[in-house]
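Each chain, written out:
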Amino acid sequence: MKMITAIIKPFKLDEVREALVSLGVHGLTTCEVKGYGRQKGHKEIYRGAEYAVNFIPKVRIDVAVPTEIADKAVEEIIAHAKTDQIGDGKIFVTSIENVVRIRTGETDADAL
């Protein structure tokens, strides 16, 4: 099993979620996050005053998938989150040793 963590632009969340559901992913977790990469923030003007926005709003998606579909899930995230603009985000893939569903005690792939 693999844990896929993707940091994407917020307006792409629904599109990415729909793509993962069509792939057979049954659940995911999201969180609103802020950060910066190479773009290092930007400047905005509010009521005539200019100020720096150092941390850009993003959405973090965490999804556990069977190893067999991990590569396809990453491809789907890339295809649906990509805007060809700076700040499209990152994807991290890590291995999962064990998963347990608390309610039933099911483990590993059955717990997904």
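Residues numbered from 1 in each chain as written. Predicted model: local features only at pLDDT ≥ 70, side-chain atom pairs only at ≥ 80, totals over all residues. Heavy atoms only, no water.

1. A closer look at the overall build of the protein
Broken down by element type, the protein carries two helices and six strands. The helix and strand sequence of the protein, counted from the amino end, reads β-α-β-β-β-β-α-β. The C-alpha atoms of the protein give a radius of gyration of 17 Å, which is well past the 13 Å a tight globule of 112 residues would have. With the C-alpha coordinates aligned to their principal axes, the bounding extent of the protein is approximately 55 × 25 × 20 Å. A burial count over the protein gives 29% of its 112 residues as buried. Residue pairs in contact within the protein that sit at least 24 positions apart in sequence constitute 71% of those at least 6 positions apart. (Helix = DSSP H or I, 4+ residues; strand = E, 2+ residues; numbered from the N terminus. Rg over C-alpha atoms; globule rule 2.2 N^0.38 Å. Buried < 20%, exposed > 50% of the residue type's maximum accessible area, 1.4 Å probe, protein only. Contact = heavy atoms within 4.5 Å.)

2. Here we look at the environment of Asp 88
By the secondary structure assignment, Asp 88 is in the loop between helix 2 (67-81) and strand 6 (90-95). Looking at Asp 88, the relative accessible area reads 17%, which means it is buried. In the structure, Asp 88 is positioned 80 residues away from Ile 8 in sequence and 5.9 Å away in space, judged by C-alpha atoms. A polar side-chain atom of Asp 88 sits 2.4 Å from a polar atom in the side chain of Thr 83. (Polar contact = N/O pair within 3.5 Å; in protein donor to acceptor, adjacent residues only side chain to side chain.)

3. Focus: the sheet that holds strand 6
The strands making up a sheet associate through backbone hydrogen bonding, with each pair oriented either parallel or antiparallel. What the four strands build is an open sheet, ordered 2-5-1-6; its pairing is antiparallel. Each having just a single partner strand, strand 2 (29-35) and strand 6 make up the two edges of the open sheet. Pairwise comparison of adjacent strand axes, ignoring direction, gives a mean angle of 20 degrees for this sheet. Alignment of strand 2 against strand 5 (residues 56-65), held across seven bridges, turns out to be antiparallel. Residue pairing for strand 5: Cys 31 is matched across the bridge by Arg 60. Where helix 1 (residues 13-23) meets the sheet, it contacts strand 1 (2-8), strand 2 and strand 5, and its direction lies at approximately 10 degrees from that of strand 5. Sheet strands in contact with helix 2 are strand 1, strand 5 and strand 6, and its direction is about 5 degrees off that of strand 1. (Pairing = 2+ DSSP bridges. Axes fitted to C-alpha atoms, helices over the stretch in contact; angles between N-to-C directions.)

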